[in-house]
Amino acid sequence: MKRREFFKKGSKAAIAAGVVPMIASSCSGAKDMVYDRDQDKWYHLGTGKTGMPNRKKTVGYDVAVIGGGAAGICAAVAAARNGSKTVLIQDRPVLGGNASSEMRVHLNGVNDIGGQAERETGIIEEILLHNRFENEQESFPVFDHVMYDFVVREPNITLMLNTQAIEAVMDGDKIKSALCWQATTEMLYTINAPIFIDCSGDGLLAATAGAEYRTGREGKAEFNETYAPDEPDGWQMGATLLMSSKDMGRPMKYSPPSYAIKYTHEGASKRRKFAGYHEGIWWIEVGSDDDIIADFEENRHKLMGYLHGVWDYIKNSGNFPEAENLALDWVGSLPCRRESRRFIGDYFVSEKDMTGHKHFFDAVAFGGWSLDEHNPGGIENISEPPSYFHYHFKNVYEFPFRALYSKNISNLMFAGRNVSQTHIALSSSRIMATCALQGQAVGTAATICNSENILPREVTKSHINELQEMLLRDDAFIPNRPANDANDLARKANLIFGSTTSSGDAKNLTNGMSRDIDGAINHWQSDGLSAELQLEWESPQSISKVELKCDTNVKRNIMMRKDSRNDDLYYNGVPKEMLKSLSLQGRINGQWQNLGHIDNNRTRLIKFNFESKSVTAIRIKMTETYGAESVKLFEVRCYA
Amino acid sequence: MLSKTFIYVFFIVPFLFLFQNVFDFDEKHEIIHTISVKHPGEKLPITVQLTEVHDETGLPIGYHTNVESVICLEQVCKVVAVKLYWNNIGTYQKYELNPGETLEKYEDDFFEAEDYKKLHTILSNTASPYGEVRLDEVLTVVDETVEEVDAVSGATALELDEKDTVPGAALTCFTLWHWAQGDLVSVMKNITAKTINGDHILEFLNLESDTHYLLAIEELQKRKIYSKVYVEAVLNRISNDKTLLRKSLEYIQSAPKDVYLSFAKRLVVNGGEAERIAALKSLQNIGFNVEKSFFDDLSSALKHFNTYQEFSGFLELMQTRNPDSEIITAAVVPILNEDFLTARRAYYFLLNQNLTEEQKHKVEVFNQKYSGKL
């Protein structure tokens, strides 16, 4: 068997040896590092055969995505749908990262900006809509399977669970391979790919590749950040351990375990609230001012102690009589991480970029969660508020592509909390739906890299317009960047009209803006159902694809949360505005012919694909929504 | 129908005069209705005395009732009697307290003057978040100055924008909003709908309020009233407000055939673009047979058409309900000289009609001229 470069690397390989079981770690030389496992013999009782198990595989993909949280899922799905053979490597048994059933953090986004949401669209919305259909009860374990379904149904994705990327094998400034350990199969994978995307949060692969990163907090002066500390320090926001309880209908006793840490709430900031405690308390949180990754197991143990200490306080202090019938029915064992490595890209996003709403020529994502910097010390510093909520945005901010790839590792991109940004910028952009938008952007960029045989930096230089257009077509929203796709034949239509109009204008559907925003109306809404939309061209057009963006009410949240709020701002059903049934006709030689029909539509972006036809007009007949009296659309596109 | 007249003499706290004078509730004829109604703060229906106030002609001009300021939790807040007023279609108008009474917040804090004004604003808002929140969410609120959080708990189950609530008085807002905008509204609408006579309906049709108009239309349809005076009022109204077109057409589509056809024809001939398009679509889908001559007569309207959509709606109607009409065909052939898209639409129509030799020739000429665009 050939040795791979990894095993010839000497001292760097020793790092990997430490995390791969059964590798000799005497460090006496590269030769001794060979992963031969010659003591591992199997003997089959039935056949009497014996041999050596094969525990090494080398596989190749167009794109390797590390990390199966919201960012990684969106990166992998974007790459796969755009034609890249993609592997998604996740070190846990379930997808979802912080929003998985192992951790259960709310999957939030731009939930509330001036009293309403400005929801993320694109792949993350598709996941959340899928969740509305399959998991209206908002069960986190069911959400695991919703995400699993969402990923494995993509033919271009290979999903590797329980697999951790532990070491990069380099070729100059490029990652050649990722060595990945799959715990359940004892398999060491060598994954080769021209493009790697690290969405793992901690970014172990990127770090072993030598990608530059920083940890801690920038001082005020470095980026002129109002909310940064005066001097730089090492603090990283803590991880939270969550739990949930159940009303048993009768008094339930609770006694804390041996490792519980007594909690009294004495001297605590008034902003450390207990409201909603039956579903967990987010300020049961411990961070680090040193190596937060190395501290993780110690912090986990502490967090488990604090969790039980706080629950003991709730159950037994006498201050919460309403908790008498409550009993813990789920307790986390895996803390939900907020911060560790932040890798450095060609651009480093800082506070003023966000609060000043800087316009980026390479914007590919947006955010709008507040600057929500959790306090240094976490639960070990309870006299401080658990978070400072420095700044609440009134409009969304842009996020640039240049912050999503490494400045010194040429084929490495990022999405999620490990992207190129200051600690203060992270305090807003770390929110999962924002990370998911970054994921869709880098997944799409990866396909451009592969199809053009270029590296991410080159995408910025010469393909940024193409990347933005692809994202917009795939239903991402980029602030201040209307779509303008030269291939979109709908924009060349000589006439577009709706059968009835109760608000907006059918002409808005080709203006490139796929939501109402900044006070501008960009929709057409019918007056009742059924309704028709028709496009006419003077000359026949060869069309094989018609794509619509219908209303899903992006001003109202459909996020994955377990408080099951159901009000003006949050909703846990299928948005009633969404289009349910529709059909498409094309006028061919003067006669209308059926080109497609969709029942029980489940997405905002609705696609008709059919054999290419030469048409002088198309009409879309919409017959049903999920409850709204009229149908509202934001975009129609047609392609050859 | 007249019952005893009650004169309520309230010594109202001064700021409440801000909300008055929409309707004069003094010394009118009143009928008391005993209503059993659901309130989301209570498990069982509650019985309330709803007073209908009407004028000398029997037209309801408003309603009022007395309710309690908070539901079910006397230990949380002091319970105060609140009198709520609505107009005759159940639109909340104002509230009043008994002399000397005041509303309280949590922890013995009192309403300030601004809080009373804000409460009125909240009760007036049909789309208030209080319509969606649950009582248990309201009850967990002890402090509404909360921020967003990224992890699981949220600081409270109820996070309302400052403008949507009186801080510290969520339960009062919740309770009163559900009285002001809850099930009683449809009760009042129903009472008014059943009470109004033909003159009142006509009055409603001519009011600027869409809600009054729609209630009148619905009542006309229920009572199967299609006399000229009402139909004319409807026609007049929709010529000024196309948002009422759909409901108005639903009403007229249930009229006797002659009334419907006359109405539809007037829309096609004399209406604006939206009315014409809606009428053409209605005629295309109407469920009874219509004489050929009626459709042929519509050709006279073609000269009024301006847009592709109008022409196209007309041609679709003719293709479906009146194909191969010589009169229509003759009227459509000149459209081949209109702007290209409209002309092409006419061309496609004519391809499916029986044509004279001359007409065929014109179609052929069009075909030759635009062969690459068809």
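Structure: see above.
All of these numbers come straight from a predicted model, not from anything done at the bench.

Here we come to the sheet that holds strand β3 (residues 60-68) of chain B. Residues and elements named next belong to chain B. Spatially, β1-β2-β3-β4-β5 is the arrangement adopted by the 5 strands of the open sheet, whose pairing is antiparallel. Edge positions in the open sheet fall to β1 (29-37) and β5 (92-97), since each of these has one partner strand only. On average, each strand axis in the sheet is inclined to that of its neighbour by 25°, with strand direction left out of account. The pairing of strand β4 (residues 81-87) with β5 spans 5 bridges and is classified as antiparallel. Looking across to β5, one finds that Trp 86 is bridged to Tyr 92. Taken strand by strand, helix α1 (residues 113-124) contacts β4 and β5, and its axis lies near 145° from that of β5.

Working definition: two side chains of opposite charge can pair if their charged atoms are close together. Under the counting rule described, the total for this entry stands at 55 salt bridges over all chains. For Arg132(A), the salt bridge goes to Glu138(A), with nearest N and O atoms at 3.0 Å. Since its relative accessible area comes to 6%, Glu138(A) is described here as buried. Where Glu310(B) meets Arg276(B), a salt bridge forms, and the shortest distance between an N and an O atom there is 2.5 Å. Taken together, the residues span a long stretch of sequence, with Glu310(B) in helix α12 (residues 308-321) and Arg276(B) in helix α10 (residues 273-285) at a distance of 34 residues. Each of the two residues, Glu310(B) as well as Arg276(B), counts as buried. One salt-bridge network, held together by shared partners, links Arg214(A), Glu218(A), Glu222(A), Glu339(A) and Arg342(A).

The next thing to look at is the sheet that holds strand β9 (residues 187-192) of chain A. Residues and elements named next belong to chain A. Taken in spatial order, the 4 strands of this open sheet run β3-β9-β8-β7, and their pairing is mixed. Of all strands in the sheet, those with a lone pairing partner are β3 (56-60) and β7 (163-171), marking the two edges. For this sheet, the mean angle separating the axes of adjacent strands, direction not counted, is 25°. Judged from the 8 bridges that link them, β7 and strand β8 (residues 174-182) form a sheet pairing that is antiparallel. When the bridges of β8 are listed, Ala 165 appears paired with Cys 180.

This part covers the environment of Thr165(B). All names here are of chain B. Within the secondary structure layout, Thr 165 lies in the loop between α2 (135-139) and α3 (170-181). Its relative accessible area of 1% is what places Thr 165 among the buried residues. A distance of 2.4 Å separates polar atoms of two side chains, one belonging to Thr 165 and the other to Tyr 130.

Before going further, it helps to examine the environment of Gly272(B). Relative to the assigned elements, Gly272(B) resides in the loop between α9 (257-270) and α10. When the C-alpha positions of Gly272(B) and Phe305(B) are compared, they lie 9.1 Å apart, and in sequence the two are 33 residues distant.

On to the interface of chain B and chain A, then. Taken together, the contact between chain B and chain A spans 40 residues of the former and 51 residues of the latter. For the pair chain B and chain A, the two sides together bury roughly 3700 Å², of which 46% comes from carbon and sulfur. In this structure, the connection of chain B to chain A is made through 5 salt bridges. With a shortest N-O distance of 3.3 Å, Glu538(A) and Lys373(B) are connected by a salt bridge. Counting across the chain B and chain A interface gives 11 residue pairs in polar contact (both at pLDDT 80 or more). Mapped by element, the contributors of at least two residues to the side of chain B that touches chain A are α10, α12 and α14 (340-351) of chain B. Broken down by element, the side of chain B that touches chain A gets its largest block of residues, 5 residues, from α14(B). Across the side of chain B that touches chain A, the residue classes tally to 15 nonpolar, 9 polar and 16 charged.

Here is what the cut-offs are and how they apply
Residues numbered from 1 in each chain as written. Chains lettered and ligands numbered in written order. Predicted model: local features only at pLDDT ≥ 70, side-chain atom pairs only at ≥ 80, totals over all residues. Heavy atoms only, no water. Pairing = 2+ DSSP bridges. Helix = DSSP H or I, 4+ residues; strand = E, 2+ residues; numbered from the N terminus. Axes fitted to C-alpha atoms, helices over the stretch in contact; angles between N-to-C directions. Contact = heavy atoms within 4.5 Å. Salt bridge = Lys/Arg side-chain N within 4 Å of Asp/Glu carboxyl O. Buried < 20%, exposed > 50% of the residue type's maximum accessible area, 1.4 Å probe, protein only. Polar contact = N/O pair within 3.5 Å; in protein donor to acceptor, adjacent residues only side chain to side chain. Buried area = accessible area lost by both parts, 1.4 Å probe. Nonpolar A, V, L, I, M, F, W, Y, C, P; charged D, E, K, R; others polar.

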